[in-house]
Structures are given as C-alpha cells and as structure tokens.
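What follows is the residue order along each chain.
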Amino acid sequence: MKKHIQYLMLAVALLLPQMASAQDETIVFTPQWTAQAQFAGYYVAEAKGFYRKAGVNVRIEHPTSTQPAMSRLRKNVCQATTLQLCQALEIIDAGTPLVNILQTSMNNAMVIVSARNRNPLKHKGARVGIWSVGFGQLAICMSQKEHLDYEWIRFAQNINLFVAGALDAMLAMSYNEYYQLVQAGVVMTEDNVYRFCDHGYNVQEDGLYMLRDFYEEHPALAKKFAQASRQGWEWAARHPKETLDIVMQYVEKNRIPTNRVIQELMLKDVLRMQVDRESKRREFRLRPDMVRKACKLMRENHMLKREVTYNELISEK
Amino acid sequence: MDGIISYIRRKLSVRVSLWVVMFAALIFITALGFLFYQSREAIRQEAINRATQILDKTSLRVEGIMNRVEVASKMTEWLVQRHPDKADSMFVYSRAMLLNNPDFYNCSIAFEPDFFKDRGRYFSAYSRRDTPKNNKMGETIRTSLGGSDSFQYFYMDWYLMAKLFKHACWTEPYVDVDMSTNTGEMVSSYCYPIMDNEGKVICVINTSLSLNWLSQTISAVKPYPNSYSIMIGRGGTYFVHPDSTKITRETIFTKTLLEPDTALTALGHAMQRGEEGMKQMTIDGQDCYVFYKPLADTGWSMGIVCPESDIFGGFDRVRHAVMGIVVVGLLLMLYIFIKVITRELSPLRRLADEAETIASGNFETQLPDIQRTDEIGQLSQSFAGMQKSLVKYIDELKNTTAQKTSIERDLHIASAIQRGMLPKNFPTKDDRDDVQIYASLTPAKDVGGDLFDFYIRDEKLFFCIGDVSGKGIPASLVMAVTRSIFRTVSAREAMPDRIVSNMNEIIADANDTNMFVTLFVGVLDLPTGRMRYCNAGHDAPLLAGAGLGSLTCDANIPIGVMQDWKYSLQETQIFTGTTIFLFTDGLTEAENANHDLFRMERVKEVASQALAHQQHEPKQLIDMMTNAVHQFVDKAEQSDDLTMMAIQYTKLERDVRFSKRIVLPNDIQEVSKLTAFVDEVCEVVGFSPAVTMQMNLALEEAVVNVMNYAYPEGTHGDVTIEAKTNDVRLKFTIIDSGTPFDPTAMEDVDIHQDAEDRPIGGLGIHLVREIMDSVNYERVDNLNVLTLRKKLRKNN
C-alpha cells in the first residue's frame, strides 16, 4: 500500500507540472502545411528560445494526412494554426469563431501558371488545378468576374498533374508551387503567369489563429505567443541565412522531399510578402480594408452567407 | 634572345638543322594531329555505342516488367467491367492481382465518389503486400477499404491522371512511407481508368510496383570507373542519383535556379521531352558526356554521366607518351643534324678563311686540297680556277692601266698643242687704237673641233671662226689642218671668198672621212672699217653697235663637202664702236639637264643687255655670255665645243692737218713730178732728208707699178696721188681706173735670189713694204686704191 502511495505520489509529482503547463502555459502550434520556410518565423522563435523567454511553452506539430491543421484545432489537439484570411472568413462564417492573434502576410501570393505559354486570362474553359483543401477562393472569384469558365480540378498536392500535361493551368503560391514548377523545368514568361496581387485581388494571406474560446480563456498566453512569434519573424528577416539553416533542420526532421535552394527562394518570397506595399514596412497587422475586400468578393460569389467583420477577427474588440 | 638569334644567323649548320627539324615537326604535328583526331573520334563513337547499348538494354528490361503490370491491369479491367455493380468483388480482384503477380507492390480499385450508393462517399478496394513483424509465415496480402475524409483518394495524382487523360499511364515515382516501420519504398503506380458505356470514368485501377529493382538496375550501370547513372521523372526530379540526398528532393534544374546553366537546362528539357541522345557538358567542374534515353512509356528518362577523363583516359596516356617520344626524337634529330652538317661543312670554313686571305691581296695563297667530288669539291676547284684567273686578270689590268695612263698623257699634250694653235694674245685698247679682240674656246672633251684665228696684215684684220663636224680627236685633227690652211691661204689672198674657196678645194680634195667645216672668214680693213666676209655654212655673227643685229650672210655650204662650190663674197661697213660677235653652235645649242637649248633668242638677249649697259667690249661681252651659258646649263654635262670671238672696231677719225693731191698720166716720164710733190709733203710733216728719200723711193715704186700693170701697154689713164697727214701718220693714196691690180697680193720676192731668177716687179712691193708702215690695197668703185701709211715719229 505504502508502495502504491509512493508510486502515486511520484506519478502526481511527475504529471503535475505537465498538466499545469498544458492547461496554463503550453501551446501546441500546427502550421497548415508540412515543414517549409513558409513557417520560418515560428521555427526561429522555437529554436532561438523566443517562446521560452516569453514564458510560453510552444510545441510545433505539423499536420498529417489523417489530421489536417483545422481538424486538430477543432479537436483542441493544437491551440494555434495558420490560416489564409479567406479560409478564416469561411470558417467563421460556417460557425467557428476564430481570433487572428498575429497577421504575418501583407500581400497575396497566389498566381495562375498556364501551360504552353498561354495567357490564363485568354484561355476560356481551361482545366485549372486547385488545392482540394481550399485556398482558391480568390481565383474562383476572379474566374467568375472574367467569365473564364474554368474547369476546376481539385488535387491533393504537388505539381505532378500539371507537369504530366493533365492540366492547362494551375494555381500556385508564388513562394511554393511557383518555384517547384520552375524547378521542374517550366519556363515562366510574362504571358503565362497571372499574379492576383497585381490585378485588384491583393488580399492578405497567412495569419496566426486561435479558437475564440481558447483565446478568451488565455488572452495573456496568446499575446505572449503572438509576440514571440512576431519576434521570430523579425529575426528571420534580419538573419535569412541562419533562418534557412533552422528551416532545413525542421525539413530534415520531417523528411520533407525538398531542398535548400527551394527553401531559400521560398523564405525570400515569404519575407517579401510580409512587407506592406504602401508603408513598405513589416506591419504584422490585419488590414480592415483587405478584410472588407475579401468579404465583398466572397459574398458576391456566394462563398459567405453573411459579412464577417474585421472586429470579429481581431483579438481586442 | 638576341644572342641566340645572332648565333643562329651565324651558324649555317644550326639554321639548316632547325629548318629540317621544324619541317619534320610540322609533318609530325599534322600526321599525329590527324591520327589523334581520328582515334578520339573512334573512341567517342565507341563510348556512344557502348552507352547506347546499355541504355537500350535497360530500357528493354524496364519495358518488360512494366508491360506485365499493364497486361495485368488490362485483364482486371475486363473483370471490373463485367461486374461493375458488385462492390465486394473488387476486393477479390485487387487481391488476386497481387496473388498472381508476386512482384506487384499494391493494388487498389478506386471508384468515383458516391459510386456505390450503399457504400458511402468513398470506395476503394485496396490490397497490399504485408510482412508483419514476427510473422514466420512470410508475407501476406492485406485487403481493406480505402478512402476517408482524411484520405480522399480521388484527389490523388494517380486517380486524377487516369481520369483526366482517360487512358492508362504511369505516375511519377513517389516514396511510400510505411508508418509502422518508418521506412520508405519508392514506387510508381500504373493507373488504368475504366469507363462506363458513356465513356465516363467510373473507377481507376491503381497497380503499384516497387522501383527498388529499377533503382538498383540503373545504379549498377557503370560503363566507366567514375561514371554514374541517373533517372529523372517528368518533372525532372531525380529518382536515381549517386547522391542519395538529391533523390526525390532535387530536380535536374535545381542547380540552375541560382546559377543558370544552359547546358544542364537543355539536357533536362531534352530528357523531359523523351528524347534520346548525347550531350557534352561540364558537371561539377568536370567535362562529361551524358547519354540519355527515355524509359519505355513512363515519361521518365535515364542518363549515364561519363567523365571525359574516363572515356579518353587511356587514349590521353598513349597520346602523351607519343608526344614525349616525338619531342625527344626531334631534339635528338636536331643535335645529330647540327653535328653532321658542321662536319660536312668544315672544308667550307677553311675555304672561307683562305678566300679572306686572297681578298686581303695575297693572291698567291695556297688553297686547301679538298679531295671530294661533291659540290664542296667543285666549289674548291672553281675557287682554285678563280684564283688563277684573278692573278691573270690583275696582270692584264696593270698593263691596261699603264696604257690608259699613256693615252691620257698624250691626250693632255694634244690638248695643250691645240690650245697652243689658237691666238693667245688678244689686242686690247692699250695695244691698238683701232681694234680690240677677245675669244674663248671650251672643248667638250680634252680636244675639240672648234677653231678661231685672227691676225693683222697690211692694216687688215684677217679672222675666222669654224666648227668641224664631230668631236674629239678626229675633229681636232681637222681643226688643226683647217687652221693651218687658213693661215697659208690668207697669207696671199685678201678676199674672204677666195680664201674660203681655196680652203674648200684643199680640204675637199683629201676628205676621205667625209668631215666638213662650217667657217666664217672675215677681213676687216682697219683704216676704213670696211669688212669683207664669206660665210661657209656657219652661224651668222651678231653686230652690236648703234643697235643689235645679225650680219646678213649668203647661204653657202660648209667647206670640205663640194670641191668646186662657188663661195660668195659679202661686204659691209663696220662703224667705230661696233662689236662683231662670232660664235659656234656650241653656244646656241648648249643644253641644260632638261635638254632645253640655250637658243639664239637668249644669245641676243644677253648681247642686248651688254649693249644696254655699255658692256659690249669683247672681253666683257664674252664673259657675260659665258656666265649666262653656265647659269643656264647648270650642272648638265657640256655636249659640244663652245667657241666665241668678239671684235670691236675702235678706229677714231683724226683731224687732217695737211692735204695735197697730184694727178699724173700713165707715162713714166711724168714720174719726176711726183718727186717734187713728195718732197713738199715730207717737208710739211717734217721728215728728215733720209726719210724723205725713202718716201720718194716707195712712192715711185708704187706709182710705176700701177702705171705698168693697171694700164696695159698702149692704154691711157690717170693716176691720182693724194697726201694727207694728221697728228699721227702720213697717208698716200694712189688711185687709178685701170684693170684691177693688187700689188699686195704679189708674193714677196726672195731677196736672196739672183736678180735674173726673180720674176719682174716683185721687188718693188717688197721695197714699199719695207719703207712704209702699212700698204693696203682696195678696189673701190672700179678704182684701184692703194694706201701707203707712215707713222710720224720724232726720228723720221
């Protein structure tokens, strides 16, 4: 019995701090994609100890094919994730309140790359690849507006369909698929690449989100987490080379089939997207005008049932 | 460097050897270059053949295995299409696929979403080969239902490709990670779409094949020690590469993203397009040949990278060895050539030394005895012959030089003699008050054919100027003869036409050489200034006095041409102060360097200037003319003899102090009146009785002569005797109208002859000449005019 009590006490002693931190100070952060430079700031914050110094215990766990980021958030497997603004609007509209605790992207990175050097705007009825998990809202809005009648082909990931010639065009992120396509020997010209940000669709993308319930329970923790994450991004902008080293450590650990060159290009582009076009600064804030623009576009295309306001997104109302 | 060049220039043996070796090197380089090029091409071709064979073999093998998957899929299509509504059968088919084909990795028969209404959104009959841990039974086949919200198979590449293409195809290889063992296996799926009657895709049969065997097969391809093989997919991704970190992570283009590499990009695109071929490029700083070929119909491409050093390694070693042998051989050849040529040419060196000795004047030097029959032997013999000829020639030269010196000396003497023939003393103002003369003769050679002469006889100036045809010694001889004849003939003839005619006869008579002489002969009567002349083809003289003009001359031919030519006589009055300027054609035809002639115009121009400046005294005029000619001719060689002679008549009329005349009939008896007349005159001028007696004697002789000869016997006529005197002389003029008779033309009698032997009359004129200072005969206006002059001296 005494022995049992001893075991019990030991177990309590071991579990108590963990439980306490899990409840109070630990945040599991799941970025919305596999390990890559898109999330460099968070890796830096973890690797350089910015989270620890801020007094917040952060664990970065990447999504798996069976557990995507949003599903993990809903199930409280993780407490924070990254989402594009349009995605966040859709999720809130569908009834899951979210809080944007840190906006990293200030610009839109989506492009359409067309095969055989054709201008995507002049290719009506083209088969265009779109991610099965979302992100393509603005492209759908654009195709409607321009009456392009694209045949959207949803695909899980990578560029193989496009490279094999099964698609006429595909959506791509300028920091990710775009470079993968270049790396696959696709020749980019002025004609065959359409950049949404240059055609009135400059809507912010990646931001750091939490469920509003969790946020309201742990506002201080969320703030610390957001603050340290921002610090990570700022450090990454100042030290791109060291940042790349850190990114590659995460890439290796997660056995992601990519390479340093691609990650270097991705980091450069992600950091570029973080600079506001007007202020020329890294602002780390959600722009109300962009929220309004995204809402308007999505509502026009019946992607939202109601208007989701800027105030619904931000942490302090 | 300069030292080496000058050494090579000095050494024939080195130079010849260098030429030979250089030529040999050229041939070697050309031949070896061709050989090396051909060999290299052959080796290259061999490498291409070798690589092509390997690629073909590998491709065939891949095709064989892939074919089996394709056939099996085709078989299953039939089954699925036969029972498309029986979902559970699909599990059997997918399992059977693995059962029947032990090397297949997995198989799924996946249907469109919501295809089986009762089976929900997802239906995929999935079978997989499984080797559970601790299972001693070996591998089993696990069959399950695939597809869920977290695995939406219809968004996967394999499904979409088949669906979109509507034909079967192979996916890009991918790594299938086994979560349980955390190991990955590279696989590729053959996806086969099955369509319903309307052609709509209802399901896709996905059969996967592990590509480990393919990796191993391709990796094992190693035709050269350092060569390696690669395989890339449609997107250029490496699926086989010796650097395992690149596999699935990098593409063939990755390196070109940061540093453009057109060769690598071109290779990537060619491989992507499914082309077969070979490219030469630099990979990682090493020159390589890349051979590539597509693998069956997969869209993948295989490449073999062969470093050039591997392909051509053996060839390069042989090449270096051959080049080394050639270089050493050429150097050896150069050394031997220099030695041999130096030895062969050594007699030449000795010959050269001896030649130097000969050149220094030692003609008797003994030449080396070279007993050879080649060119050097011939040269030695020729040299000996040349030495002999040289000695002989030098002797001849000595003789010739001596002869030439002798001739030159003779020529100098001849020249001196010729100059000696010409008058050297020219009468000046100081010598005579009636005439001044100056002349110059410049022969073109040592001796010339021009001549001039003058002398005064009986108060008459006899002068001539002439030009013998031709130049040099022949002309000079004719000139000497002509001048002698002039002197001889003019001694007894006072008329120029007769002098010239006589000279013509004499010269033409013995003219075998057909030489001729242009000649101007003049006789100037000094007391009166009357000049008689005859021009035989010579340039007309100029007269410079009150004005400038040419003397009018008849057209007569030169002397020596026609023996019986009748030469005409001309006459003119020369006024006091007038200068007669005579010259030969050496003046008018003096040539300058441009072959321009001095011409008559220039002669007249110079004479005019002289006249204008009162510089027309003989010496002044000739000096001016000489200067003008020299200036004109400048440095040109003198082409012809140049002779000029100027005669200025300077006689001044003096006041007559006393004049008296007497006319006598041609009767000897009347001569007594003459004595009284003479006495009276002599008294007036103050002659002594002795001189007066001499005067009487001379006058009597002259008058009797006239009476005897001018008037033939029985004819009547008068003889007028005038006496005039001025401050200087007494002049008697005896005038008659009888037949022309010139007593002065009578030959002087030989006073040493006996009186009986002497011809009649001759003695008289001799006496008259002895007494008087001058005796002058003129035929004027059909009158014979004989003038006797006697200077008034104190002792007279």
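This one's a predicted model, so the numbers in the text were calculated from it and none came from an experiment. (Residues numbered from 1 in each chain as written. Chains lettered and ligands numbered in written order. Predicted model: local features only at pLDDT ≥ 70, side-chain atom pairs only at ≥ 80, totals over all residues.)

Check the secondary structure of chain B and you find 18 helices and 27 strands. Within the span of chain B, comprising 796 residues, buried residues form 33% of the whole. The long-range fraction of contacts in chain B, counting pairs at least 24 apart against all pairs at least 6 apart in sequence, stands at 62%. (Helix = DSSP H or I, 4+ residues; strand = E, 2+ residues; numbered from the N terminus. Buried ≥ 20, exposed ≤ 12 C-beta atoms within 10 Å, placed from the backbone. Contact = placed C-beta atoms within 7 Å.)

The next subject is the overall build of chain A. Assigned secondary structure in chain A consists of 14 helices and 10 strands. Burial status across chain A gives 49% buried among its 317 residues. In chain A, the proportion of contacts linking residues at least 24 apart, taken out of those at least 6 apart, comes to 82%.

Another aspect to go through is the environment of Met-333 of chain B. Residue and element names in this part refer to chain B. Along the polypeptide, Met-333 turns up in helix 9 (residues 313-359). Using a count of 15 C-beta atoms within 10 Å as the deciding quantity, one classes Met-333 as partly exposed. Ignoring sequence-local partners within four residues, the contact set of Met-333 consists of Val-21 and Ala-24.

We now examine the interface of chain A and chain B. If you look at the interface, chain A gives 23 residues, while chain B gives 26 residues. Mapped by element, the contributors of at least two residues to the side of chain A that touches chain B are strand 7 (151-155), helix 7 (160-164), helix 8 (177-183) and helix 12 (260-273) of chain A. Residues that form the side of chain A that touches chain B fall into these classes: 13 nonpolar, 9 polar and 1 charged. (Nonpolar A, V, L, I, M, F, W, Y, C, P; charged D, E, K, R; others polar.)

Successive side chains on a regular strand alternate, one facing one side of the sheet and the next facing the other. Residues and elements named next belong to chain B. The sheet contact formed by strand 4 (residues 169-170) and strand 6 (residues 183-195) spans 2 bridges and is antiparallel. Looking at strand 6, one finds that Trp-170 is bridged to Tyr-190. With 9 bridges joining them, strand 6 and strand 7 (residues 201-210) adopt antiparallel strand pairing. Within strand 7, the residue paired with Val-187 across the bridge is Ser-210. Here strand 6 folds back onto strand 7 in antiparallel fashion, the turn holding 5 residues, of which Gly-199 has a positive phi close to 85°. (Pairing = 2+ DSSP bridges.)

Let us look at the nonpolar core. One recurring pattern in soluble globular proteins is that nonpolar side chains are buried together. Counting 173 residues, the largest nonpolar core has Leu-89, Val-128, Leu-138 and Ala-294 of chain A together with Tyr-159, Met-161 and Cys-191 of chain B as the members making the most contacts within it. Top contributing element to this core by residue count: helix 12 of chain A, with 8 residues. When near neighbours in sequence (up to four residues on either side) are disregarded, Cys-191 of chain B contacts Trp-158, Tyr-159, Met-161, Ala-162, Ala-168, Cys-169, Thr-171, Val-204 and Asn-206 of chain B. Listed in part, the 64 residues of the second largest apolar core include Leu-542, Phe-581, Leu-582 and Met-644 of chain B. (Core = buried A, V, L, I, M, F, W, Y, C linked by C-beta atoms within 7 Å.)

Attention shifts here to the confidence of the model for chain A. The share of residues in chain A with pLDDT of 70 or more is 92%, and the mean pLDDT across the chain is 88. Of the regions scoring below 50 in pLDDT, residues 8-23 of chain A engages in 2 contacts with residues more than four places distant in sequence or in other chains. (pLDDT = per-residue confidence, 0-100.)

Here we come to the pairing of strand 3 (residues 80-83) of chain A. All names here are of chain A. Side chains of strand 3 alternate between two faces, with Ala-80 and Thr-82 and Thr-81 and Leu-83 buried alike. The pairing of strand 1 (residues 26-30) with strand 3 spans 2 bridges and is parallel. Bridge pairing in strand 3 places Phe-29 opposite Ala-80. Strand direction decides the pairing type here: strand 3 and strand 10 (residues 207-211), joined by 3 bridges, are antiparallel. In the sheet register, Leu-83 faces strand 10, and the bridge partner there is Gly-207.

All names here are of chain B. As for its placement among the helices and strands, Leu-597 is situated in the loop between helix 13 (585-588) and helix 14 (599-612). Taking the C-beta count within 10 Å as the criterion, Leu-597 has 15 such neighbours and is therefore assigned partly exposed. Each C-alpha atom of the pair Leu-597 and Phe-632 lies 8.9 Å from the other, and the pair is 35 residues apart in sequence. Here Leu-597 is in contact with Thr-588, Glu-589, Ala-590 and Glu-591, once residues within four sequence places are set aside.

The next point concerns the confidence of the model for chain B. Model confidence for chain B is summarised by a mean pLDDT of 87, while 96% of its residues fall at 70 or above. With a pTM of 0.61, the predicted complex shows an ipTM of 0.86.

Below, the discussion takes up the sheet that holds strand 17 (residues 530-536) of chain B. Each strand in a sheet pairs with another by means of backbone hydrogen bonds, the pair being arranged parallel or else antiparallel. Residue and element names in this part refer to chain B. The sheet built from 5 strands is open, its strands ordered 14-15-16-17-20 with antiparallel pairing. Since the sheet does not close on itself, it has two edges, and those belong to strand 14 (450-457) and strand 20 (570-573), each with one partner. Mean inter-strand twist for the sheet, computed between neighbouring axes without regard to direction, equals 15°. Against the sheet, helix 12 (residues 496-509) contacts strand 16 (517-525) and strand 17, and its axis sits at roughly 150° relative to strand 16. (Axes fitted to C-alpha atoms, helices over the stretch in contact; angles between N-to-C directions.)

Below, the discussion takes up the sheet that holds strand 1 of chain A. Residues and elements named next belong to chain A. Spatial ordering of the open sheet is given by 2-1-3-10-4, a layout of 5 strands whose pairing is mixed. Strands at the two margins of the open sheet, each flanked by one partner only, are strand 2 (57-60) and strand 4 (98-103). Each neighbouring strand pair of the sheet contributes to a mean axis angle of 30°, computed without reference to strand direction. Where helix 5 (residues 85-93) meets the sheet, its contacts fall on strand 3, strand 4 and strand 10, and the angle it forms with strand 4 comes to roughly 165°. On top of the sheet, helix 10 (residues 219-238) reaches strand 1, strand 2, strand 3, strand 4 and strand 10; it is set at about 30° to strand 4, its chief contact.

Here the phi dihedral of Lys-280 of chain A falls at roughly 60°; this positive angle occurs in a residue that is not glycine. Positive phi outside glycine occurs at Asp-114 of chain B, with the angle close to 60°. Here Asp-114 of chain B is to be found in the loop between strand 1 (104-111) and strand 2 (124-130).

Turning next to the packing of helix 2 (residues 40-47) of chain A against helix 11 (residues 240-253) of chain A. All names here are of chain A. At a minimum axis distance of 9 Å, the contact between helix 2 and helix 11 shows a crossing angle of 90°. What the angle tells us is that helix 2 and helix 11 run roughly perpendicular. Touching Ala-40, Tyr-43, Val-44 and Ala-47 of helix 2 are Thr-243, Ile-246, Val-247 and Tyr-250, all from helix 11. Along the lines of polarity and charge, the residues of the contact of helix 2 with helix 11 split into 7 nonpolar, 1 polar and no charged. (Parallel < 35°, antiparallel > 145°, perpendicular 65-115°, else oblique.)

Glancing now at the packing of helix 16 (residues 671-685) of chain B against helix 17 (residues 689-709) of chain B. The axes of two packed helices give the description: the angle between them and the distance between them. Residue and element names in this part refer to chain B. Contact geometry for helix 16 and helix 17: axes closest at 9 Å, N-to-C directions at 140°. With respect to helix 17, the element helix 16 is oriented oblique. Our pair here, helix 16 against helix 17, has a crossing hand that is right-handed. Where helix 16 approaches helix 17, its residues Val-671, Leu-674, Thr-675, Val-678, Asp-679 and Cys-682 are matched on the opposing element by Val-691, Thr-692, Met-695, Asn-696, Leu-699, Glu-700, Val-703 and Val-704. (Left-handed = near helix turned anticlockwise from the far one by under 90°.)

We now examine helix 5 of chain A. Across the 9 residues of helix 5 of chain A, 7 count as buried, placing the element largely inside the fold. Every buried residue of helix 5 of chain A is accounted for by Leu-85, Cys-86, Gln-87, Ala-88, Leu-89, Ile-91 and Ile-92 of chain A.

On to the environment of Asp-453 of chain B. Residues and elements named next belong to chain B. Relative to the assigned elements, Asp-453 resides in strand 14. Classification of Asp-453 by C-beta neighbours within 10 Å gives buried; the count is 21. As for Asp-453 and Met-645, which are separated by 192 residues in sequence, their C-alpha atoms are 9.1 Å apart. Not counting residues up to four positions away in its chain, the partners in contact with Asp-453 are Pro-423, Phe-463, Cys-464, Arg-483, Phe-486 and Arg-487.

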